[in-house]
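# An overview of the molecular structure
Below are the chains, spelled out letter by letter.
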Amino acid sequence: MFNYKIVCLDLDGTVYKGAEPIPEAITFIRAMQQKGIEPFYITNNASMTRTEIKEKLRGFGVETTEQQIYTSGMAAAHFVKRDFPEASVYVIGTDALRDELTAADLQLTERNADAVVMGIDRGITYDKLAQACLEVRAGATLIATNPDHAFPSHQGFLPGNGAFVRLVEYSTETNAIFCGKPSPIMLELIQQATGAAREEMVLIGDNMKTDLLAGVDFGIATIHVNSGVDRPETIREQGMKITRFVDKMTDLLA
Ligand SMILES: [Mg+2]
């Protein structure tokens, strides 16, 4: 019996696959909404704004608001604001990431930063990476949205944010703090926003190393859906304590 109050859904591989919706997920979301439960959407993608994600979901027939959407860019902004409230920030990333940081009332700078925040940037250059390294060597804290080493495209797998963060880590001999899943920051923020108890929360996702690990570490129920990157056999072999495995999300409505 599925009766959680706070339903946190991963997006890519769970609700859609790139540009294609997963029909059973859309049916599940509508069923939740009919019960008066507005799901939360949590994604490691920091290249889209929450408004753009909202519009993408609308294109799939899912109505929601920016307040229900959590991105790793937003998580990074909240993390910096919480732990370094007065920080000036050197950013490598998209306008979506800059918007989240300025919305959190943080000062962006090109020199003498207290923190370097890195998200995927398709316009990345040697100069941007060099400046990030100089800032870190001068004492700035290295923070990143997500550690994804690669992401799928029509050409094949392309280098993800984690690949560039690794470059800065390697060059400066410093470890970055990652704010996307598997960090539980986004789940923490949802709990703070709703005041829910952990027993009332569930995370549904396709990826063992990001989604499910975040849920397990945060101590909430986790459901693996077999529509994305990891197969249930692989997760069972790893001995991860997942609450439930389903083939498709409509199985949760039975
Ligand atoms: Mg996923």
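The sections below set out a description of the structure shown in this document.

Each value, and the rule that gives it
Residues numbered from 1 in each chain as written. Predicted model: local features only at pLDDT ≥ 70, side-chain atom pairs only at ≥ 80, totals over all residues. Heavy atoms only, no water. Helix = DSSP H or I, 4+ residues; strand = E, 2+ residues; numbered from the N terminus. Rg over C-alpha atoms; globule rule 2.2 N^0.38 Å. Buried < 20%, exposed > 50% of the residue type's maximum accessible area, 1.4 Å probe, protein only. Contact = heavy atoms within 4.5 Å. Areas by Shrake-Rupley, 256 points an atom, 1.4 Å probe, with all protein chains shown as cover. Lys, Arg positive; Asp, Glu negative; His and termini not counted. Charge placed at Lys NZ, Arg CZ, Asp CG, Glu CD. Expected span 1.5 Å × (residues − 1). Arc of directions from axis to C-beta. Donors = N, O, S within 2.8 Å, 3.2 Å for Na, K, Ca; no water. Pairing = 2+ DSSP bridges. Right-handed = clockwise from strand over helix to strand, strands pointing away. Axes fitted to C-alpha atoms, helices over the stretch in contact; angles between N-to-C directions. Phe/Tyr/Trp six-rings, centres within 6.5 Å; stacked < 30°, edge-to-face > 60°. Lys NZ or Arg CZ within 6 Å of the ring centre and 35° of its normal. Left-handed = near helix turned anticlockwise from the far one by under 90°. Nonpolar A, V, L, I, M, F, W, Y, C, P; charged D, E, K, R; others polar.

### Details of the overall build of the protein
Helices and strands together make up the secondary structure of the protein, namely 9 helices and 15 strands. Relative to a compact globule of 254 residues, whose C-alpha radius of gyration would be 18 Å, the protein shows 18 Å and is just as compact. Along the three orthogonal principal directions, the C-alpha set of the protein runs to about 55 × 35 × 35 Å. Counting across all 254 residues of the protein, residues that qualify as buried make up 51%. Long-range contacts, defined here as pairs at least 24 residues apart, represent 63% of the contacts in the protein between residues at least 6 apart. Accessible surface for the protein amounts to roughly 12,100 Å². Of this, 50% is attributable to carbon and sulfur atoms. Taking the average location of the 24 positive side-chain charges in the protein and that of its 34 negative ones, the two points are 3 Å from each other.

### A look at helix α6 (residues 161-172)
Here α6 contains 12 residues, and its C-alpha end-to-end distance of 17 Å stays within 8% of the 16 Å for a straight helix at 1.5 Å per residue. Listed in full, the buried residues belonging to α6 are Asn161, Gly162, Phe164, Val165, Val168, Glu169 and Thr172. Seen end-on, α6 carries its buried residues on one side only, within an arc spanning 165°. Across α6 from its buried face, at more than 90 degrees, point the exposed residues Arg166 and Tyr170. The elements touched by buried residues of α6 are β8 (115-118), α5 (126-137), β9 (141-144), β11 (156-159) and β12 (177-178). Positive phi shows up at glutamate 173, right after α6, with a value of about 55°.

### With respect to the coordination of the magnesium ion
Within the first shell, the magnesium ion binds the protein through Asp10 (OD), Asp12 (O) and Asp206 (OD), at distances of 2.1 to 2.2 Å. Here the donor residues of the magnesium ion share one chain and are spaced in sequence as D-x1-D-x193-D.

### Here we look at the pairing of β8
Of the two faces of β8, the one carrying Ala115 and Val117 and the one carrying Val116 and Met118 are both buried. Both strand β6 (residues 88-92) and β8 contribute to a ladder of 4 bridges, which runs parallel. Along β8, the bridge assignment pairs valine 89 with alanine 115. Pairing analysis gives 4 bridges linking β8 to β9, with the strands arranged parallel. Among the inter-strand pairings, methionine 118 is bridged to a residue of β9, identified as alanine 144. Handedness of the crossover is the feature at issue here: the chain leaves β8, passes through α5, returns alongside β9, and the resulting connection is right-handed.

### Brief notes about the sheet that holds strand β4 (residues 40-43)
The 6 strands lie next to each other as β5-β4-β1-β13-β14-β15, forming an open sheet whose pairing is parallel. Either end of the sheet is taken by a strand with one partner, and the two such strands are β5 (69-71) and β15 (244-246). For this sheet the average axis-to-axis angle between neighbouring strands, irrespective of direction, equals 20°. Looking at chain direction, strand β1 (residues 6-10) and strand β13 (residues 201-205) are connected through 4 bridges and run parallel. Its bridge partner being in β13, cysteine 8 is matched across the sheet by leucine 203. Together, β4 and β5 form the strand contacts of helix α3 (residues 72-83), whose direction differs from that of β5 by roughly 75°.

### Structural notes on the packing of aromatic side chains
If you walk through the whole model with that rule in mind, you get 5 aromatic pairs. One aromatic cluster in this structure is built from Phe2, Tyr4 and Phe28. Just above the ring of tyrosine 16 sits the side chain of lysine 56; from NZ or CZ to the centre is 3.9 Å. Residue placement shows arginine 236 over the ring face of phenylalanine 245; its charged tip is 4.1 Å from the ring centre.

### Thoughts on the packing of α3 against helix α4 (residues 95-103)
For the pair α3 and α4, interaxial distance at closest approach is 8 Å and the crossing angle is 30°. Considering only the axes of α3 and α4, their crossing is right-handed. The segment α3 lies against α4, with Gly73, Met74 and Ala77 engaging Leu97, Glu100 and Leu101. For the contact of α3 with α4, the class distribution of residues is 4 nonpolar, 1 polar and 1 charged.

### Quick look at the pairing of β6
Taken across its 5 residues, β6 has 5 buried, putting it largely inside the fold. Both faces of β6 are covered, namely the face carrying Ser88, Tyr90 and Ile92 and the face carrying Val89 and Val91. Note that the unit made of β6, α4 and strand β7 (residues 107-108) has a crossover that is right-handed.

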